[in-house]
Amino acid sequence: MKRDKALVVFSGGQDSTTCLYWALRHFGEVHTMTFAYGQKHSVEIEAAERIAGLAGVDFHLMDISQIASVGKNSLTDSTMVMDDEKPENSVPNTFVPGRNLLFLSIAAVYARESGIYDIVTGVSQTDFSGYPDCRDSFIRSLNVTLNLAMDGQFVIHTPLMWLDKAQTWALADSLGVFDIVRNETVTCYNGIKGEGCGHCPACHLRNAGLEKYSQDKDIVLKSLKDSLI
Ligand code: ZN
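Residues numbered from 1 in each chain as written. Predicted model: local features only at pLDDT ≥ 70, side-chain atom pairs only at ≥ 80, totals over all residues. Heavy atoms only, no water.

A.B. asks: With reference to specific residues and values, describe the overall build of the protein chain.
C.D. replies: The number of helices and strands found in the protein chain is 8 helices and 5 strands. Within the protein chain, the proportion of its 229 residues that are buried is 50%. Within the protein chain, contacts between residues at least 6 apart in sequence are counted, and of these 70% link residues at least 24 apart. Within the structure as shown, the protein chain displays about 10,900 Å² of accessible surface, and the carbon and sulfur contribution to it stands at 52%. (Helix = DSSP H or I, 4+ residues; strand = E, 2+ residues; numbered from the N terminus. Buried < 20%, exposed > 50% of the residue type's maximum accessible area, 1.4 Å probe, protein only. Contact = heavy atoms within 4.5 Å. Areas by Shrake-Rupley, 256 points an atom, 1.4 Å probe, with all protein chains shown as cover.)

A.B. asks: If you had to explain unusual backbone geometry to someone new, which residues and values would you point to?
C.D. replies: Although it is not a glycine, Asp151 adopts a positive phi angle of roughly 50°. With respect to the helices, strands and loops of the structure, Asp151 is situated in the loop between helix 4 (136-150) and strand 5 (155-157).

A.B. asks: An account of the packing of helix 1 (residues 14-26) against helix 2 (residues 43-55) is requested, with residue identities and associated values reported.
C.D. replies: Interhelical geometry of helix 1 versus helix 2 gives an angle of 25° and a closest axis separation of 11 Å. Considering the angle they form, helix 1 stands roughly parallel to helix 2. The handedness of the crossing between helix 1 and helix 2 comes out as right-handed. Seen from helix 1, the contacting residues are Thr17, Leu20, Tyr21 and Leu24; seen from helix 2, they are Ile51, Leu54 and Ala55. Looking at the contact of helix 1 with helix 2 residue by residue, the classes come out as 6 nonpolar, 1 polar and no charged. (Axes fitted to C-alpha atoms, helices over the stretch in contact; angles between N-to-C directions. Parallel < 35°, antiparallel > 145°, perpendicular 65-115°, else oblique. Left-handed = near helix turned anticlockwise from the far one by under 90°. Nonpolar A, V, L, I, M, F, W, Y, C, P; charged D, E, K, R; others polar.)

A.B. asks: Just give me the short version of the nonpolar core, but keep the residues and values in it.
C.D. replies: Among the nonpolar cores identified, the biggest contains 32 residues, and Val9, Leu104, Ile119, Ile139, Leu146 and Phe154 are the most heavily contacted of them. Among the elements of the structure, strand 1 (5-9), strand 2 (29-36), helix 3 (99-113), helix 4 and helix 7 (201-215) are those that each provide at least two residues to this core. With sequence-adjacent residues up to four places away left out, Val9 is seen in contact with Ser16, Met33, Phe35, Phe103, Leu104, Ala107, Ile119 and Val120. Listed in part, the 31 residues of the second largest apolar core include Val8, Ile51, Trp169 and Val220. (Core = buried A, V, L, I, M, F, W, Y, C linked by side-chain atoms within 4.5 Å.)

A.B. asks: Pulling in residues and values, what's your account of the pattern of salt bridges?
C.D. replies: In total, this model carries 10 salt bridges according to the counting rule given. Arg112 is the salt-bridge partner of Glu113, the closest N and O atoms lying 3.8 Å from each other. Overall, Arg112 belongs to the partly exposed group, its relative accessible area being 36%. A salt bridge links Asp173 to Lys217; the nearest nitrogen and oxygen atoms lie 4.0 Å apart. Here Lys217 lies in helix 8 (residues 217-228) and Asp173 lies in helix 5 (residues 165-174), a separation of 44 residues in the sequence. Residue class for Asp173 comes out partly exposed when judged on its relative accessible area of 25%. Beyond isolated ion pairs, a larger network of salt bridges with shared partners links Arg50, Glu184 and Lys193. (Salt bridge = Lys/Arg side-chain N within 4 Å of Asp/Glu carboxyl O.)

A.B. asks: Go over the coordination of the zinc ion with me, naming the residues and quoting the values.
C.D. replies: Coordination of the zinc ion by the protein involves Cys188 (SG), Cys197 (SG), Cys200 (SG) and Cys203 (SG), with metal-donor separations of 2.3 to 2.4 Å. Around the zinc ion sit 4 donor atoms; with metal-centred angles ranging over 104 to 116°, the donor geometry is tetrahedral. Counting the intervening residues between successive donors of the zinc ion yields the motif C-x8-C-x2-C-x2-C. Here Cys203 lies in helix 7 and Cys188 lies in the loop between helix 6 (178-184) and helix 7, a separation of 15 residues in the sequence. On the basis of relative accessibility, which here comes to 1%, the residue Cys188 falls in the buried class. (Donors = N, O, S within 2.8 Å, 3.2 Å for Na, K, Ca; no water. Tetrahedral: all angles 85-135°; square planar, octahedral: opposite > 155°, others 65-115°.)

A.B. asks: I'd love a proper account of the sheet that holds strand 3 (residues 58-63), names of residues and values included.
C.D. replies: Two strands in a sheet stick together by hydrogen bonds in their backbones, pointing the same way (parallel) or opposite ways (antiparallel). Taken in spatial order, the 5 strands of this open sheet run 3-2-1-4-5, and their pairing is parallel. Pairing within the sheet leaves two strands with one partner each, and these edge strands are strand 3 and strand 5. Across the sheet, the axes of successive neighbouring strands diverge by a mean angle of 25°, strand direction being ignored. As paired elements, strand 2 and strand 3 share 6 bridges and run parallel to each other. Directly across from Thr34, in strand 3, lies its bridge partner Leu61. Seen against the sheet, helix 1 touches strand 1, strand 2, strand 4 (118-120) and strand 5 and runs at an angle of roughly 175° to strand 1. (Pairing = 2+ DSSP bridges.)

What follows is the structure, given as structure tokens:
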């Protein structure tokens, strides 16, 4: 089986945009799938569609917004105040239960129908914000489950799994898309494009990584190369 097609689970944020360009480097044909999961800010979806256009790839929007009525979290419920950091004994309330499980499962069904068996997601265990569905063990487990469920030979690629945010900036830079990632993506939990609001947890992580990368470019680029070997 020739494997030259990939489907990127694509939010329009820093991580999945970097993964999109990583996929374009490694596969001949790249598709994206973006999910409406009841997030408060439609600007994320607009950013995803715009970036897919810039990258010249197929954009597919999947509406699973009913998920917001099942699991309570501060990304979809505007009455909740967002946790600034991870509480000691639980996940932060920005965690959307089942999100990556559903995203990847639906993506796999769609991919299978399109003859795609390589799925790319931007999860990272290094900077995982306390979200259990960003860990390598979950991805490996789900990969096995998807293959058993659909008698397929899926491979879930996680290029950022062991990278920190500074290294993710370095990867975007080495792929030649630093400015696109910096200016066009929406990572901010308050839905502000580019640099974001500057004070939500997602902005803290993104901006701290950018600062570290800007201060020590050569060192971070070298650590990226070493970690990719
Ligand atoms: Zn923010």
